[in-house]
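# Analysis of the macromolecular model
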Amino acid sequence: MKNKNIVVTGREVKLHPDEQIISKTDLAGRLTYANRAFMRVADYAEPDLLGVQHNIVRHPDMPRGVYQMMWETLKAGNEFFGFVKNLTANGDHYWVFANVTPDRDLGGEPVGYYSVRRIPSVRGVQVASALYAEMVAAERQAGPARAMEASRALLAQRLGGESYERFVLALQLG
Ligand SMILES: Cc1cc2nc3c(=O)[nH]c(=O)nc-3n(C[C@H](O)[C@H](O)[C@H](O)COP(=O)(O)O)c2cc1C
């Protein structure tokens, strides 16, 4: 569950260049696993995380439209790549480049999802910060009922026909 009592500090925590933050969820997005890097950077202990919705690290600067796109991609059976700004337990934030993937059992049945996150490129964070700020503004202006539509339209306009995946991979891999 999102912790509404966290006060955003504006302070950034950086991942180590060789560090990966890994988590797994069930099909409903509840955490079933978090590695040590997750706990160190997000500043939570394991019992605070297991069984809890992944939006525990949701940052208010992230557009709703990005998560809508992520869930659409995952539910279609595809993997998602993207720049994500997350909130730590004490209100700091950390940027990651995330790869989120459906997790299946040996019979191919979906059992959940997992995400591997690495340190993002400097350029990726610059571009994503500006784009997400525009999307959040569009969502606020449109109001709750039309927020997603407004921010997805803005994103499509900024991508100019390119897929979000190609766009972010180019920013991350250069
Ligand atoms: C494997 C997996 C990893 C996720 N990682 C994050 C994450 O790092 N940060 C985040 O805010 N949401 C993450 N989410 C998405 C959340 O489940 C949720 O959709 C998002 O935080 C939006 O929450 P809200 O609907 O309460 O605004 C992840 C979901 C899955 C399935």
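Quantities reported herein were computed from a predicted structural model and do not represent experimental measurements.

## Describing the layout of surface pockets
In this model, the largest pocket occupies a volume close to 520 Å³. Every residue lining the largest pocket is counted, 26 residues in all, and those nearest its centre are H54, N55, Y67, M70 and W71. Broken down by secondary-structure element, the contributors of at least two residues to the lining of the largest pocket are β1 (21-25), α3 (64-75), β3 (80-87), β4 (93-104) and β5 (110-118). Examining the composition of the lining of the largest pocket, we find that 6 residues originate from one element, α3, more than from any other. For the lining of the largest pocket, the per-class residue count stands at 12 nonpolar, 9 polar and 5 charged.

## Topic: helix α4 (residues 122-142)
Helix length check: α4 (21 residues) gives 30 Å between terminal C-alpha atoms against 30 Å at 1.5 Å per residue, within 8%. Considered for burial, the residues of α4 that qualify are G124, V125, V127, A128, L131, Y132, M135, V136, A138 and E139. Buried residues in α4, looked at end-on, bunch into an arc of 165°, giving them a common side. Residues of α4 that are exposed and point over 90 degrees away from its buried face: V122, R140 and Q141. Looking one or two residues past α4, G143 carries a phi angle of roughly 85°, positive in sign.

## Comments concerning the pairing of strand β2 (residues 31-34)
The two faces of a sheet get side chains in turn, since along a regular strand they alternate between them. By the bridge criterion, 3 bridges tie β1 to β2 in an arrangement that is antiparallel. Paired with S23 across the strands is A34, a residue of β2. Linkage of β1 to β2, two consecutive antiparallel strands, is achieved through a turn of 5 residues, within which G29 is found at a positive phi near 85°.

## Observations regarding the sheet that holds β4
The strands that make up a sheet pair up through hydrogen bonds in the backbone, lying either parallel or antiparallel. With respect to topology, 5 strands assemble into an open sheet ordered β2-β1-β5-β4-β3, the strand pairing being antiparallel. The open sheet is flanked by β2 and β3, the only strands paired with a single partner. Across the sheet, the mean angle separating the axes of adjacent strands is 30° when strand polarity is ignored. Against the sheet, α3 touches β3, β4 and β5, its axis set at about 140° to β3. α4 contacts β3 and β4 of the sheet and is inclined by roughly 90° relative to β4.

## Description of the UniProt feature "domain: PAS fold-3" (unreviewed entry) in the protein chain
Mapped onto the present numbering, the UniProt feature "domain: PAS fold-3" (unreviewed entry) falls on residues 32-116. End-to-end, the C-alpha atoms of residues 32-116 are 14 Å apart, and along that stretch the chain is 27% helix and 35% strand.

## Details of the packing of α4 against helix α6 (residues 164-173)
Put simply, α4 and α6 touch, their axes get as near as 8 Å, and they point 140° apart. Of the possible angle classes, the one that applies to α4 and α6 is oblique. In this structure, α4 uses R123, G124, V127, L131 and Y132 to contact α6, whose residues at the interface are Y164, F167 and L171. The residue makeup of the contact of α4 with α6, split by class, is 6 nonpolar, 1 polar and 1 charged.

## With respect to the packing of aromatic side chains
Aromatic ring pairs are described here by two measures, namely the spacing of the ring centres and the angle between the planes. Overall, the coordinates contain 5 aromatic pairs when judged by the stated rule. When the ring of W71 is compared with that of Y113, the centres are 5.4 Å apart and the planes differ by 90°; the resulting orientation is edge-to-face. Placement of W71 in helix α3 and of Y113 in strand β5 is noted, with a sequence separation of 42 residues between them. The exposure class of W71 is partly exposed, given its relative accessible area of 27%. Among the aromatic residues, those joined into a ring-pair cluster are F81, F83 and F97.

## A short note on the pairing of β4
Taken across its 12 residues, β4 has 11 buried, putting it largely inside the fold. Pairing between β3 and β4: 8 bridges, direction antiparallel. Note on β4: the bridge partner recorded for F81 is N99. Linking β3 to β4, which pair antiparallel, is a turn of 5 residues; within it G91 sits at a positive phi near 95°. Alignment of β4 against β5, held across 8 bridges, turns out to be antiparallel.

About the thresholds
Along each chain, the written sequence defines residue order, and numbers are assigned to residues from 1. The model is predicted, so local features are restricted to residues of pLDDT at least 70 and side-chain atom pairs to those at 80 or more, both for listing and for counting; the totals for chains, interfaces and linings are taken over all residues. With hydrogens and water excluded, all non-hydrogen atoms of the structure serve as input to the side-chain values. Each cavity reported here is a set of points on a 1 Å grid over the protein atoms alone in which a 1.4 Å probe fits but cannot get out, each pocket an open set with protein on both sides within 12 Å along at least five of seven lines, and each lining residue one with an atom within 4 Å of a point. Grid points are joined across faces, edges and corners, and a volume is the space filled by probe spheres set on the points. Numbering goes from the N terminus for both helices and strands, where a helix is a DSSP run of H or I of at least four residues and a strand is a run of E of at least two. Following the grouping adopted for this structure description, the nonpolar residues are Ala, Val, Leu, Ile, Met, Phe, Trp, Tyr, Cys and Pro, the charged ones are Asp, Glu, Lys and Arg, and the polar ones are all others, Gly among them. A helix is expected to span 1.5 Å for every residue after the first. Here the term buried applies to any residue with accessible area under 20% of the maximum for its type, exposed to any over 50%, and partly exposed to those in between, with areas from a 1.4 Å probe on protein chains only. Note that the arc is computed from the directions linking the helix axis to the C-beta atoms. Strand pairing is defined by DSSP finding a minimum of two bridges between the two strands. Only the contacting stretch of a helix is used when fitting its axis, a line to C-alpha atoms as for every element, and angles between N-to-C directions run 0 to 180 degrees. Every residue pair with non-hydrogen atoms within 4.5 Å of one another is taken to be in contact. UniProt positions are given in the numbering used here, feature names are shortened, and annotations may be inferred rather than shown by experiment. Angle categories: roughly parallel below 35 degrees, roughly antiparallel above 145, roughly perpendicular from 65 to 115, and oblique for all the rest. Only Phe, Tyr and Trp rings are paired, with Trp represented by its six-membered ring, and only when their centres lie within 6.5 Å; those with planes under 30 degrees apart are stacked, over 60 edge-to-face, the remainder tilted.

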